[in-house]
Amino acid sequence: MTELGLPKEILACLFDLDGVITKTAVVHAAAWKRTFDDFLRQRDGEGFRPFDDKADYDEYVDGRPRADGVRTFLASRGIELPEGAPEDPPDRSTVQGLGNRKNDLLLELIRSDGVEAYDGTLRYIEAVRASGLRTAVVSSSTNCRDILRSVGAESLFDVRIDGVVAAERRLPGKPHPDTFLAAARDLGVEAAESAVFEDALAGMDAGRSGHFGYVVGVDRVGQGAALRAHGADIVVRDLAELGERA
């Protein structure tokens, strides 16, 4: 292991955004809960079963592209909606409409509460770059660039593969490995020479199925066992721990 806590063959680090770089996972969970609870209440009445912003969030939406999250969670409740169109208004009962509602709520929460970065992650990325390793951010968020700019972190990455880029290239999102693989290609390295840093179970699945050289699970919410079960080579609470374990 190197002083960064990584295997010596690793040449590039691929970082998820929400929950790894920025403290936005809890904001996403809150936006999803409001979106789904409002929809379920309207559909089923006051006796509806609410969206669980821990269990349902981790299992069905965390790390996935927005529309995939809508489909996957609704399928868990036996609900199927028309796909709709990307420009559907947020009050329309379609997959795209619900996704747009969630995004509007997310942006509202970000504007009101702001965004913070994990200092341990930023210090770790700076150390990674100082050691000569290449870096990419890999996120399903279409707001990735704006969020990075808001915390002054855009310049820390050589490559950005986010929801916007994935749509342009028609890349399936996590748990498929395609976005991480695209980041490795853009950096000029093989998957086996890349380390994935993720806090979502879908991201762990992507790291495992893509055969990346090292998969780091970042446990912010006490799901270390699940991260390991989904493919993490190591689990840490903060990336600052990696150097300490080297």
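Definitions and cut-offs
- Residues numbered from 1 in each chain as written.
- Predicted model: local features only at pLDDT ≥ 70, side-chain atom pairs only at ≥ 80, totals over all residues.
- Heavy atoms only, no water.
- Helix = DSSP H or I, 4+ residues; strand = E, 2+ residues; numbered from the N terminus.
- Rg over C-alpha atoms; globule rule 2.2 N^0.38 Å.
- Buried < 20%, exposed > 50% of the residue type's maximum accessible area, 1.4 Å probe, protein only.
- Contact = heavy atoms within 4.5 Å.
- Areas by Shrake-Rupley, 256 points an atom, 1.4 Å probe, with all protein chains shown as cover.
- Lys, Arg positive; Asp, Glu negative; His and termini not counted.
- Charge placed at Lys NZ, Arg CZ, Asp CG, Glu CD.
- Core = buried A, V, L, I, M, F, W, Y, C linked by side-chain atoms within 4.5 Å.
- Axes fitted to C-alpha atoms, helices over the stretch in contact; angles between N-to-C directions.
- Parallel < 35°, antiparallel > 145°, perpendicular 65-115°, else oblique.
- Left-handed = near helix turned anticlockwise from the far one by under 90°.
- Nonpolar A, V, L, I, M, F, W, Y, C, P; charged D, E, K, R; others polar.
- Pairing = 2+ DSSP bridges.
- Right-handed = clockwise from strand over helix to strand, strands pointing away.
- Phe/Tyr/Trp six-rings, centres within 6.5 Å; stacked < 30°, edge-to-face > 60°.
- Polar contact = N/O pair within 3.5 Å; in protein donor to acceptor, adjacent residues only side chain to side chain.

(A) Representation of the overall build of the protein within the structure. Scanning the protein for helices and strands turns up eleven helices and six strands. The globule rule puts the C-alpha radius of gyration for 246 residues at 18 Å, and the 18 Å found for the protein is close to it. Taking the principal axes of its C-alpha atoms as reference, the protein extends roughly 55 × 35 × 35 Å. In the protein, buried positions account for 55% of the 246 residues. Of the contacts made within the protein by residues no fewer than 6 positions apart, 60% connect residues no fewer than 24 positions apart. Taken as a whole, the protein presents about 11000 Å² of accessible surface, with 46% of it coming from carbon and sulfur. Here the protein contributes 31 positively and 43 negatively charged side chains, and the mean placements of these two sets differ by 1 Å.

(B) Spotlight on the nonpolar core. Judged by nonpolar contacts, the single largest core of 38 residues is most densely connected at L6, F15, I21, Y124, F197 and L239. When contributions to this core are tallied by element, the ones reaching two or more residues are strand 1 (12–15), helix 1 (25–44), helix 4 (95–113), helix 5 (119–130), helix 6 (144–150), strand 4 (194–198), strand 5 (214–218) and strand 6 (234–236). Setting aside residues up to four positions removed in sequence, L239 forms contacts with F15, V20, G120, T121, Y124, F197, V216 and V218. By size, the runner-up hydrophobic cluster in this structure holds 19 residues, among which are A12, F180, A184 and F212.

(C) Structural context of the packing of helix 1 against helix 4. Between helix 1 and helix 4, the shortest axis-to-axis distance is 9 Å and the interhelical angle comes to 135°. Considered as vectors, helix 1 and helix 4 are oriented oblique to each other. Considering how the two elements wind past one another, helix 1 and helix 4 form a crossing that is right-handed. Facing helix 1, whose interface residues are V27, H28, A30, A31, W32, R34, T35, F36, D38 and F39, helix 4 presents L98, R101, K102, L105, L106, E108, L109 and I110. For the contact of helix 1 with helix 4, the class distribution of residues is eleven nonpolar, two polar and five charged.

(D) Quick peek at the pairing of strand 2 (residues 134–138). Most of strand 2 sits inside the fold, with four of its five residues counted as buried. With four bridges connecting them, strand 1 and strand 2 associate as parallel partners. The residue of strand 2 that forms the bridge with C13 is T135. Note on the crossover from strand 2 through helix 6 to strand 3 (residues 159–161): the handedness is right-handed.

(E) Geometry of the sheet that holds strand 5. Strand order in the open sheet formed by six strands is 3-2-1-4-5-6, with parallel pairing between adjacent strands. For this open sheet the edge positions go to strand 3 and strand 6, each flanked by a neighbour on one side alone. Shown here is a sheet whose adjacent strand axes are inclined to one another by a mean of 20°, direction ignored.

(F) A look at the packing of aromatic side chains. Inspection of the entire model under this criterion finds nine aromatic pairs. When the ring of F51 is compared with that of F73, the centres are 5.0 Å apart and the planes differ by 80°; the resulting orientation is edge-to-face. Of the two residues, F51 sits in the loop between helix 1 and helix 2 (55–61) while F73 sits in helix 3 (residues 66–76), which places them 22 residues apart along the sequence. With respect to class, F51 is no different from F73; both count as buried.

(G) Quick look at the packing of helix 1 against helix 3. At their nearest, the axes of helix 1 and helix 3 sit 12 Å apart, and the two run at 45° to each other. With respect to helix 3, the element helix 1 is oriented oblique. Every pair of crossing elements has a handedness; the one defined by helix 1 and helix 3 is right-handed. Contact residues: helix 1 offers W32, F36, F39 and L40, while helix 3 offers R66, G69, V70, F73 and L74. Residues of the contact of helix 1 with helix 3, tallied by class, amount to seven nonpolar, one polar and one charged.

(H) Main features of the side chain of D162. Residue placement: D162 occurs in the loop between strand 3 and helix 7 (163–169). Only 2.6 Å separates the side chain of D162 from the side chain of R160, close enough to count as a polar contact. Setting aside its immediate chain neighbours within four residues, D162 contacts S139, S141, C144 and R145.

Any functional reading would require information that these geometric values do not contain.
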